Amino acid sequence: MNAIHHETDLLKLYEQLLLIRAYENAIVNGSAAGRMPGTCTSVGQEAAAVGAINALRAEDLILTNHRSAGHLLARGADPGRMLAEVMGRRDGYCKGRSGSLHISVKALGVVLTTTIVGGELSLAPGVALAQRMHNRPGIVACFFGDGAACEGSFHESLNLAALWNLPVLYICENNQWQAFVHRREAMSREQVTDWGAGYGIPVSSVDGNDVGAVLDATRQAAAQVRESGRPALLEVLTYRTRGHLEPDDQGYVDKAELAAWLARDPIALCRDRLLAKGRITDSEAAALAARVDARIAAAVAFAEASPYPSVEELTLDVYA
Ligand SMILES: Cc1ncc(C[n+]2csc(CCOP(=O)(O)OP(=O)(O)O)c2C)c(N)n1
Ligand SMILES: [Mg+2]
């Protein structure tokens, strides 16, 4: 398949990459200054989220994990409401009750963010079964990490989805880290795709720092799921360039490995490609970055101005 079909696509994707990086940096700086809680950022992995989300359709449903800011923003979530949620404010997507780890936005088809590692894997077959029973057209995209792939729920989920022919697109963001443990210390195989093949489902892997490649690979895998009504597994190979959470001095990280991945920063790669194609000039790129930064600054101001929920609201939306 051809890399990027329309040049405008790449510029749109580039803006989303910038938006996610600026959003994550706002949290890095805000938490260092004591104005926000620290979160698990997706710095370094932006292309994995942007490429995959943009390959999906509006009717598709998304389940994701604790590193979900990129998925939500690429899907069109408002950064102000997301930051309000992170800060526990009333204007947050979940009225300030989720923090960064459980944001769901039903209107965008993001049915779940979970910090229970593998939680999204346990629920994805059920969501897909519901789609089929209700004759709904959308497939289910389930985002999870390499750490989740080392848990039992990964294997149960793939087994059931394969057995029951459920339309789940499993997207593993292999960022080489599982909290403070390197993938090679916890995984018996080099790649997660080795395991998917064992369940008889189509598998593919892609350079997760090349946003166009991720877009195309996800389009292909999603088309397989749509046409067959069966699951597929896509492994997106990338790197978590910041710590597991904020703050984290990354004292346990191999400096040479980190440097090698930083040299392949997904945003710089996309920018170089746009420049090489003459799609954007240096000054246009700078102006775009400034617009994105201003949007995030306004989002921070919106979140900081949002009130905390009142004590009376504490027991609302609680099911017994
Ligand atoms: C069931 C469960 N076990 C352990 C944890 C603690 N924990 C949080 S994130 C994480 C690592 C997850 O690694 P991975 O799935 O690769 O996702 P990544 O953080 O790399 O995006 C762990 C062990 C948890 N939240 N839930
Ligand atoms: Mg990981």
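S.K.: Any chance you could explain the overall build of the protein here in plain terms?
M.R.: Looking only at helices and strands, the protein features 13 helices and 8 strands. Relative to a compact globule of 320 residues, whose C-alpha radius of gyration would be 20 Å, the protein shows 19 Å and is just as compact. Its C-alpha atoms give the protein principal-axis dimensions of about 55 × 50 × 40 Å. In the protein, which comprises 320 residues, the proportion classed as buried is 48%.

S.K.: Whenever I open this one, the nonpolar core confuses me. Can you help?
M.R.: Proteins that are soluble and globular tend to have nonpolar side chains buried together. Within the largest apolar cluster, 85 residues are counted, with the highest numbers of intra-cluster contacts made by Leu-17, Val-140, Cys-142, Leu-169, Ile-171 and Leu-234. Looking at this core, the element that brings in the most residues is helix H1 (residues 7–32), giving 10 residues. Beyond its immediate sequence surroundings of up to four residues, Leu-234 is in contact with Leu-169, Tyr-170, Ile-171, Ser-204, Val-206, Ala-217, Thr-218 and Ala-221.

S.K.: How should I be thinking about unusual backbone geometry in this particular structure?
M.R.: Generally, phi is negative for residues other than glycine and the peptide bonds are trans, each holding for most cases. In this structure, Pro-247 follows Glu-246 across a cis peptide bond, with omega equal to -5°. Inspection of the secondary structure assignment puts Pro-247 in the loop between strand E8 (232–237) and helix H11 (255–262). The phi angle at Gln-250 is positive, at roughly 55°, despite the residue not being glycine. If you trace the backbone, Gln-250 turns up in the loop between E8 and H11.

S.K.: Looking at this structure, I do not really get the site of ligand 1. What am I missing?
M.R.: Surrounding ligand 1, one finds 15 residues, the nearest of these being Val-117, Gly-145, Gly-147, Gln-178 and Ala-179. When contributions to the shell around ligand 1 are tallied by element, the ones reaching two or more residues are helix H6 (146–149) and strand E5 (177–178). Element by element, the count of residues in the shell around ligand 1 is highest for H6, at 3 residues. Counted by class, the shell around ligand 1 contains 5 nonpolar, 7 polar and 3 charged residues.

S.K.: Explanation requested: the sheet that holds strand E4 (residues 168–174) in the structure shown.
M.R.: By definition, the strands of a sheet pair up through backbone hydrogen bonds, in either a parallel or an antiparallel sense. In space, the 6 strands of this open sheet follow the order E2-E1-E3-E4-E8-E7, with parallel pairing throughout. The open sheet terminates on both sides in strands that have one partner only, identified here as strand E2 (110–113) and strand E7 (203–207). Shown here is a sheet whose adjacent strand axes are inclined to one another by a mean of 15°, direction ignored. When strand E1 (residues 61–64) meets strand E3 (residues 140–145), the two strands line up parallel, connected through 3 bridges. In the strand pairing of E3, Leu-63 is matched with Cys-142. Along the sheet face, helix H5 (residues 119–133) touches E1, E2, E3 and E4 and points at about 175° away from the line of E3.

S.K.: How should the environment of Leu-288 be read in this particular structure?
M.R.: Here Leu-288 lies in helix H13 (residues 282–305). When the 17 C-beta atoms within 10 Å are taken as the criterion, Leu-288 is described as partly exposed. Residues Leu-288 and Glu-15, 273 residues apart in the sequence, show an inter-C-alpha distance of 7.4 Å. With residues up to four places along the chain from it excluded, the contact list for Leu-288 reads Glu-15 and Leu-18.

S.K.: Teacher, can you tell me more about helix H10 (residues 211–228) here?
M.R.: The α-helix winds at 3.6 residues per turn, so residues separated by three or four positions along the chain end up facing the same way. Under the 1.5 Å per step criterion, the end-to-end length of H10 is 26 Å for 18 residues, consistent within 8% with the ideal 26 Å. Turning to H10, its buried residues are Val-211, Gly-212, Val-214, Leu-215, Ala-217, Thr-218, Ala-221, Ala-222 and Val-225. Two residues or fewer after H10 comes Gly-229, characterised by a positive phi angle close to 70°.

S.K.: What should I look at first to understand the environment of Leu-245 in this one?
M.R.: Within the secondary structure, Leu-245 sits in the loop between E8 and H11. By C-beta crowding, Leu-245 is classed as partly exposed, having 17 other C-beta atoms within 10 Å. When the C-alpha atoms of Leu-245 and Thr-39 are compared, they prove to be 5.3 Å apart, with 206 residues separating the residues in sequence. For Leu-245, the contacting residues outside a window of four places in its chain are Gly-38, Thr-39 and Cys-40.

Cut-offs and rules
Residues numbered from 1 in each chain as written. Chains lettered and ligands numbered in written order. Predicted model: local features only at pLDDT ≥ 70, side-chain atom pairs only at ≥ 80, totals over all residues. Helix = DSSP H or I, 4+ residues; strand = E, 2+ residues; numbered from the N terminus. Rg over C-alpha atoms; globule rule 2.2 N^0.38 Å. Buried ≥ 20, exposed ≤ 12 C-beta atoms within 10 Å, placed from the backbone. Core = buried A, V, L, I, M, F, W, Y, C linked by C-beta atoms within 7 Å. Contact = placed C-beta atoms within 7 Å. Near = placed C-beta within 6 Å. Nonpolar A, V, L, I, M, F, W, Y, C, P; charged D, E, K, R; others polar. Pairing = 2+ DSSP bridges. Axes fitted to C-alpha atoms, helices over the stretch in contact; angles between N-to-C directions. Expected span 1.5 Å × (residues − 1).

Geometry only, nothing functional implied.
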